[in-house]
Structure formats: structure tokens, C-alpha cells
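Here is what each chain is made of, one letter per residue.
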Amino acid sequence: MTMKTKAYLVHLLTATGAVLAMLAMLEAVEGNWAMMFFWLVVAFFVDGIDGPLARATGVKINAPRIDGVLLDLIIDYLTYVFIPAFALFTSGLLPGWTGWFAIIVITFASALYFADTRMKTADYSFAGFPGCWNMVVLVLFAVQPSFWVSLAIVTLLAVTMFVPMKFVHPVRTERWRSVTLPMALGWTFFAGWAAWGSFDPDSWALWGLIVTSLWLTFAGVAQQVIYRERL
């Protein structure tokens, strides 16, 4: 198999995210949250492996006809932002005006962030919260906090999309990758476990989600403090 063929196969793998997004959306419309998140977790896993594969096969050189970055951003907006925001609104976790506020803030702020040319730092981390609302909303479904806590979390994360706070990329941020990458894989495992178990509050998956989410959220900030980094 030639490198050109391998490169285009990577694009095809990335494009499967659109199919997974549609499957998740169909489940969301039916209110089947467990299966919706299951498909989103699968899409999250695909998104995690297609980047390294794209770099390994040199898609920019061997498959330049398709813009992999643009393709990835389109699918990410669907799976990371649009569908999770829809689920948050229709599930009743944020009732009344709080639901409207959340979906407007999430979709509007994320559209701007995804188009920001400065979203990546020198070490390939993210400058500001990278719009991973799929992860946030899944944890909210699992933990079921009060709507005021959920509203505060959504508002705070939306604000941090535009402030100089660092959020590590599990694969591309080299510093602490030996911990961050297993944490990301663990989050994927626990998220799939929680969704498959219909978010059973007694499941150990809940604690796994909390621990891995805290690391992925604050590891970048800790690096800024410890190493006195500036974005």
C-alpha cells in the first residue's frame, strides 16, 4: 500500500466522525442519552487517533486535495459542541432560561474559538478551554449536580475559552504526556462505561470520570504555575 493511499485512508477515517455524529444526533432526538454519549465517545476515540495517523502518513503532502484540518474542525464542532449543547438543553439538566443561556453561550463562543488562529500554543497545548463540551456534558449527566452548579461550570468554561489559560493536548503536549495520555485514555474508558451503564450513580465509572476530568482540566494551569509559562 502506497503512502498516498494510506494518507487518504486517514481522511476517510476522520470522515467517519460525521457518521458517528449523525448516529449520536438520532439518539439525542429520541432522548436516548446513554447511546448518544456512546457514539460521541467512539467519535472522541477516532478524533484521538486520526491526528497521529495523519502526521505519520503526511496527509498534507500525500493527500493534499482534502484539507484534514478543516474536515476535523467541522466534525469536532458537531461532536464536541452542537450535539452536547442540544442534549444539555433538551435533557432538563438546565431548565428554563438557564438552558437557553447555556446553548447560546456554548454554540456562539465555540464558533469563535474554533476559528481562532491562536488556539494552539508553542507546545501544541490549547490557549483557553478547547470547547470539549462533549466531555463536560457527559460528566454533568453522570454526576447530576444542581442546575446552578451546572450553569456555573458552563459559564466559567465559556469564559476561559478567551483567557490566557493553558489546557494540555493529551497527545501533542509533550510535558507530562506520560500521565496525561493515560488519563485521556482512562477518561474515554470511564465515559464509555458510564454511558453503557446508563449513568448508574453507584458505578465506579463516576469516580474515574471525576479524577481524569480534573487532571485534564487543570494540568495545563499547573504547568503555567510551576514553570511560569506565558501564553
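Residues numbered from 1 in each chain as written. Predicted model: local features only at pLDDT ≥ 70, side-chain atom pairs only at ≥ 80, totals over all residues. Heavy atoms only, no water.

A. Fine view of the packing of helix H5 (residues 97-114) against helix H7 (residues 147-160). At a minimum axis distance of 10 Å, the contact between H5 and H7 shows a crossing angle of 20 degrees. Here H7 runs roughly parallel to H5, going by the angle between their axes. Crossing handedness for the pair H5 and H7: left-handed. Of the residues in H7, those touching H5 at Trp97, Thr98, Phe101, Ala102, Val105 and Ile106 are Phe147, Trp148, Leu151, Val154, Thr155 and Ala158. Looking at side-chain class alone, the contact of H5 with H7 contains ten nonpolar, two polar and no charged residues. (Axes fitted to C-alpha atoms, helices over the stretch in contact; angles between N-to-C directions. Helix = DSSP H or I, 4+ residues; strand = E, 2+ residues; numbered from the N terminus. Parallel < 35°, antiparallel > 145°, perpendicular 65-115°, else oblique. Left-handed = near helix turned anticlockwise from the far one by under 90°. Contact = heavy atoms within 4.5 Å. Nonpolar A, V, L, I, M, F, W, Y, C, P; charged D, E, K, R; others polar.)

B. Looking closely at the nonpolar core. One finds Met36, Phe37, Leu88, Trp133 and Trp187 to be the most contacted residues of the largest nonpolar core, which totals 53 residues. Here this core gets nine residues from one element, more than from any other, and that element is helix H6 (residues 133-143). Excluding residues within four positions of it along the chain, leucine 88 makes contact with Leu93, Leu94, Ala102, Ile106, Val137, Leu140 and Val154. Counting five residues, the second-largest nonpolar core is a separate cluster that includes Ala7, Val10, Val59 and Ala63. (Core = buried A, V, L, I, M, F, W, Y, C linked by side-chain atoms within 4.5 Å. Buried < 20%, exposed > 50% of the residue type's maximum accessible area, 1.4 Å probe, protein only.)

C. Representation of the packing of helix H2 (residues 33-57) against H6 in the model. With their axes 11 Å apart at the nearest point, H2 and H6 run at an angle of 145 degrees to one another. Once H2 is placed against H6, the crossing between them reads as left-handed. Each of Trp33, Phe37, Val41 and Phe44 in H2 lies in contact with H6, whose residues at this interface are Asn134, Met135, Val137, Leu138 and Phe141. Considering only residue class, the contact of H2 with H6 consists of eight nonpolar, one polar and no charged.

D. Local environment of the packing of aromatic side chains. All chains considered together, the criterion is met by 20 aromatic pairs. A network of ring pairs unites the aromatic residues Trp33, Phe37, Phe141 and Phe199 as a single cluster. It is arginine 172 that lies over the ring of tyrosine 124; its NZ or CZ is 3.9 Å from the centre. Between the NZ or CZ atom of arginine 175 and the centre of the ring of tyrosine 227, over which it lies, the distance is 3.9 Å. (Phe/Tyr/Trp six-rings, centres within 6.5 Å; stacked < 30°, edge-to-face > 60°. Lys NZ or Arg CZ within 6 Å of the ring centre and 35° of its normal.)

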